[in-house]
There are 2 protein chains.
Amino acid sequence: MNIRVFVTLKNGVLDPQGRAIHHAIENLGFEGVNDVRAGRLIELDVDPAVTDEQIAEICTKLLANMVIENFEIQRV
Amino acid sequence: MNIRVFVTLKNGVLDPQGRAIHHAIENLGFEGVNDVRAGRLIELDVDPAVTDEQIAEICTKLLANMVIENFEIQRV
């Protein structure tokens, strides 16, 4: 079973990587992009018995820095 | 309008970051995780007029290295 974990910066946290991507998109001549935020994607292949609570524990202990980041779990 | 772009390593490309995360999860005592792949998540806030074709062009030109990476576009 595949699980996707999205780790994103919390609102209000400066995102220099996202800003750099935004500038690069504009410099390429693309219009209509208002904002860019960069984050991480972690794909886990887990046994069906693994619960969302266990995944959330992995996220808070390892994958995300809860001071500045949020995470979201999506079963694929 | 929010768009999520997932950039992941192609199958067969070594993923040391994912392997390190996998080891760390096992060292924390979690069981049932068979594989971990690390990727990038880029969230774009775009005008509704922006098409998926334009986003795909941004991906191939800027966000993904098509030699070793795939991308996926998801409208949120």
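In what follows, the accompanying structure is described. These numbers come from a predicted model, not from an experiment.

Here the focus is the environment of Val5 of chain B. Residue and element names in this part refer to chain B. Mapping Val5 onto the fold places it in strand β1 (residues 2-9). Considering only alpha carbons, one finds Val5 and Ala56, 51 residues apart in sequence, at a separation of 9.2 Å. Ignoring sequence-local partners within four residues, the contact set of Val5 consists of Arg40, Leu41, Ile42, Leu44, Ile55, Cys59, Leu63, Phe71, Glu72 and Ile73.

For the rest of this paragraph, the subject is helix α1 (residues 16-27) of chain B. The first and last C-alpha atoms of α1 of chain B sit 16 Å apart over twelve residues, in line with the 16 Å expected at 1.5 Å per residue. Buried residues of α1 of chain B: Gly18, Ile21, His22 and Ile25 of chain B, and no others. The buried residues of α1 of chain B occupy an angular sector of 100 degrees when the element is viewed end-on, so they sit on one face. The exposed residues of α1 of chain B that point more than 90 degrees off its buried face are Pro16, Arg19 and Asn27 of chain B. Next to the buried residues of α1 of chain B lie β2 (33-46) and α2 (52-63) of chain A together with β2 (33-46) of chain B.

Close contact between helix α1 (residues 16-27) of chain A and helix α2 (residues 52-63) of chain B brings their axes to 11 Å; oriented N to C, the two are set at 110 degrees. With respect to each other, α1 of chain A and α2 of chain B are oriented roughly perpendicular. Considering the relative orientation of α1 of chain A and α2 of chain B, their crossing is right-handed. Judged by residue contacts, Ile21, Ala24 and Ile25 of chain A of α1 of chain A engage Ile58, Leu62 and Leu63 of chain B from α2 of chain B. For the contact of α1 of chain A with α2 of chain B, the residue count by class is six nonpolar, no polar and no charged.

A few words now on the relation of the copies chain A and chain B. Structural alignment of chain A on chain B gives an RMSD of 0.0 Å, achieved by rotating through 180 degrees and translating 0.0 Å along the axis. Taken together, the turn and the small shift mark the pair as related by a two-fold rotation axis. Scanning chain A for the C-alpha nearest the rotation axis identifies Arg40 of chain A, at a separation of 2.3 Å. Mapped onto chain B, 100% of the interface residues of chain A again fall at the interface, so both copies present the same surface.

Each partner contributes to the interface: chain A provides 34 residues, whereas chain B provides 34 residues. Here chain A and chain B share an interface that buries about 2,900 Å² over both sides, 63% of which is from carbon and sulfur atoms. Counting across the interface, chain A meets chain B through two salt bridges. In this structure, Arg4 of chain A engages Glu72 of chain B in a salt bridge whose closest nitrogen and oxygen atoms are separated by 2.7 Å. Linking chain A with chain B are 14 residue pairs in polar contact (both at pLDDT 80 or more), by the criterion used here.

This part covers the pattern of salt bridges. A side chain of one charge can pair with a side chain of the opposite charge when the charged atoms of the two come close. All names here are of chain B. On inspection of all chains with the given rule, the structure shows ten salt bridges over all chains. The shortest N-O distance in the salt bridge between Lys61 and Glu57 comes to 3.0 Å. Separated by four residues within a single helix, Lys61 and Glu57 lie in helix α2, roughly one turn from each other. Given the relative accessible area of 52%, Lys61 is considered exposed.

We now examine the pairing of β2 of chain B. With 13 bridges joining them, β2 of chain A and β2 of chain B adopt antiparallel strand pairing. Its bridge partner lying in β2 of chain B, Ile42 of chain A is registered against Ala38 of chain B. Bridge analysis of β1 of chain B against β2 of chain B gives seven bridges, and the strand direction is antiparallel. By the bridge assignment, Val7 of chain B is partnered in β2 of chain B with Arg40 of chain B.

Criteria and thresholds
Numbers given for residues are sequential positions, taken from 1 along each chain in its written order. Both sets of labels track the order of writing: A upward for chains, 1 upward for ligands. Totals for whole chains, interfaces and linings use every residue, but because this is a predicted model, local features are given only for residues with pLDDT of at least 70 and side-chain atom pairs only at 80 or more, for both listing and counting. Only hydrogens and water are set aside when side-chain values are computed; all heavy atoms of the structure are taken into account. The helix and strand labels rest on DSSP assignments: H or I over at least four residues marks a helix, E over at least two residues marks a strand, and numbering proceeds from the N terminus. Contact between two residues is taken to exist if any of their heavy atoms lie within 4.5 Å; hydrogens are not considered. Between the first and last residue of a helix there are one fewer steps than residues, each counted as 1.5 Å, and that sum is the expected span. Exposure classes here rest on a 1.4 Å probe applied to the protein chains alone. A residue is buried below 20% of its type maximum, exposed above 50%, and partly exposed in between. By construction, the arc corresponds to the directions joining the helix axis to the C-beta atoms. Lines fitted to the C-alpha atoms define the axes, with helices restricted to the stretch that makes contact. Angles between their N-to-C directions range from 0 to 180 degrees. For this classification, under 35 degrees means roughly parallel, over 145 means roughly antiparallel, 65 to 115 means roughly perpendicular, and everything else is oblique. In this scheme the crossing of two helices becomes right-handed for a clockwise turn of the near helix relative to the far one and left-handed for an anticlockwise turn of less than a right angle. Think of it as three bins: nonpolar holds Ala, Val, Leu, Ile, Met, Phe, Trp, Tyr, Cys and Pro, charged holds Asp, Glu, Lys and Arg, and polar takes everything else, Gly as well. Alignment of the copies relies on least squares applied to C-alpha atoms, considering only residues that score at least 70 for pLDDT in both. Summed over both partners, buried area is the accessible surface (1.4 Å probe) that two parts give up on being assembled. Within this document, salt bridges are pairs made up of a side-chain nitrogen of Lys or Arg and a carboxyl oxygen of Asp or Glu, the two lying within 4 Å of each other. Pairing of N or O atoms within 3.5 Å defines a polar contact, subject to two protein rules: one partner must be a possible hydrogen donor and the other a possible acceptor, and residues neighboring in sequence count only if both atoms are side-chain atoms. When DSSP finds two or more bridges between a pair of strands, those strands are recorded as paired.

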